[in-house]
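Overview (structure and organization)
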Amino acid sequence: MDEFLQAALDIAKAQASVRVMTEDQLADYVQNVAEKIRKIQSGEVEPEDEGSAWPTVTPEEAKKSIRENTISCLICGKKCRVLTKRHLDKHGIYAKEYREHFGLKKDTPLVAKSLLRERRAKMEEMRIWERRKMSDAE
Ligand SMILES: [Zn+2]
């Protein structure tokens, strides 16, 4: 028996234990699954599930993708200063999903560290300015 059929049988067994199937359905199912596994393994087709196209990385790797001057996209490896929504759109993933998928904290900004500091400094400047404006008004 070839390995694809064996793998398909294992999957079918698991399926049969959670739902009722006739013998014919089961046979069809095994055949379909075996064919799909064979195609995926030989690289004939991409897996249908888009989600599984996103690579998996360790939390350390995810953290390391955010560097001083660049952030690299964990899906395609592109380096940029900001991982824009437009870029993530190309992969069909939202920033929220991206963080979840790669195990980043949900408030992690998808920007290079230096840029983040610049932004924070600017925010701080604005805050001081706001405060000054307020006290001027008093
Ligand atoms: Zn990308």
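Everything quoted here is computed from the prediction, not taken from an experiment.

Rules of the game
Residues numbered from 1 in each chain as written. Predicted model: local features only at pLDDT ≥ 70, side-chain atom pairs only at ≥ 80, totals over all residues. Heavy atoms only, no water. Axes fitted to C-alpha atoms, helices over the stretch in contact; angles between N-to-C directions. Helix = DSSP H or I, 4+ residues; strand = E, 2+ residues; numbered from the N terminus. Parallel < 35°, antiparallel > 145°, perpendicular 65-115°, else oblique. Left-handed = near helix turned anticlockwise from the far one by under 90°. Contact = heavy atoms within 4.5 Å. Nonpolar A, V, L, I, M, F, W, Y, C, P; charged D, E, K, R; others polar. Salt bridge = Lys/Arg side-chain N within 4 Å of Asp/Glu carboxyl O. Core = buried A, V, L, I, M, F, W, Y, C linked by side-chain atoms within 4.5 Å. Buried < 20%, exposed > 50% of the residue type's maximum accessible area, 1.4 Å probe, protein only. Domains from an automatic or database assignment. Expected span 1.5 Å × (residues − 1). Donors = N, O, S within 2.8 Å, 3.2 Å for Na, K, Ca; no water. Tetrahedral: all angles 85-135°; square planar, octahedral: opposite > 155°, others 65-115°.

The packing of two helices is summarised by the inter-axis angle and the distance between the axes. Contact geometry of helix α1 (residues 3-18) with helix α2 (residues 23-42) gives a least axis separation of 8 Å together with a crossing angle of 130°. Considering the angle they form, α1 stands oblique to α2. Two packed elements cross with a definite hand, and for α1 against α2 that hand is right-handed. Two secondary-structure elements touch here, α1 through E3, F4, L5, A7, A8, L9, I11, A12, Q15 and A16 and α2 through L26, Y29, V30, V33, A34, I37, R38 and Q41. Here the contact of α1 with α2 is built from residues that sort into 14 nonpolar, two polar and two charged.

A few words on the pattern of salt bridges. Across all of its chains, the model carries eight salt bridges by this definition. Among the ionic pairs, D89 bridges to K85, the shortest N-O distance being 3.4 Å. One end of the pair, D89, and the other, K85, are both in helix α4 (residues 85-90), four residues apart, so they sit about a helical turn from each other.

Another point: the nonpolar core. Counting residues in each nonpolar core, the largest one holds 14 residues, and the members touching the most others are I71, L83, L88, Y98 and L110. The next biggest cluster of nonpolar side chains, apart from the first, holds nine residues, and it includes F4, M21, Y29 and V33.

Its domain assignment divides the protein into domain 1 (3-45) and domain 2 (52-132). For domain 1 and domain 2, the distance between their C-alpha centres works out to 40 Å.

Taking 1.5 Å as the rise per residue, helix α6 (residues 113-137) with 25 residues should run 36 Å; its terminal C-alpha atoms sit 36 Å apart, in good agreement. Turning to α6, its buried residues number three or more, namely S114, L115 and L116.

For the zinc ion, every protein donor is listed as C73 (SG), C76 (SG), H87 (NE2) and H91 (NE2), and the spread of their distances is 2.0 to 2.3 Å. Geometry at the zinc ion is tetrahedral, judged from the four donor atoms that bind it and their angles of 106 to 114° at the metal. Mapped onto the polypeptide sequence, the residues donating to the zinc ion form the spacing pattern C-x2-C-x10-H-x3-H. Relative accessible area serves as the criterion here: at 3%, C73 is assigned to the buried category.

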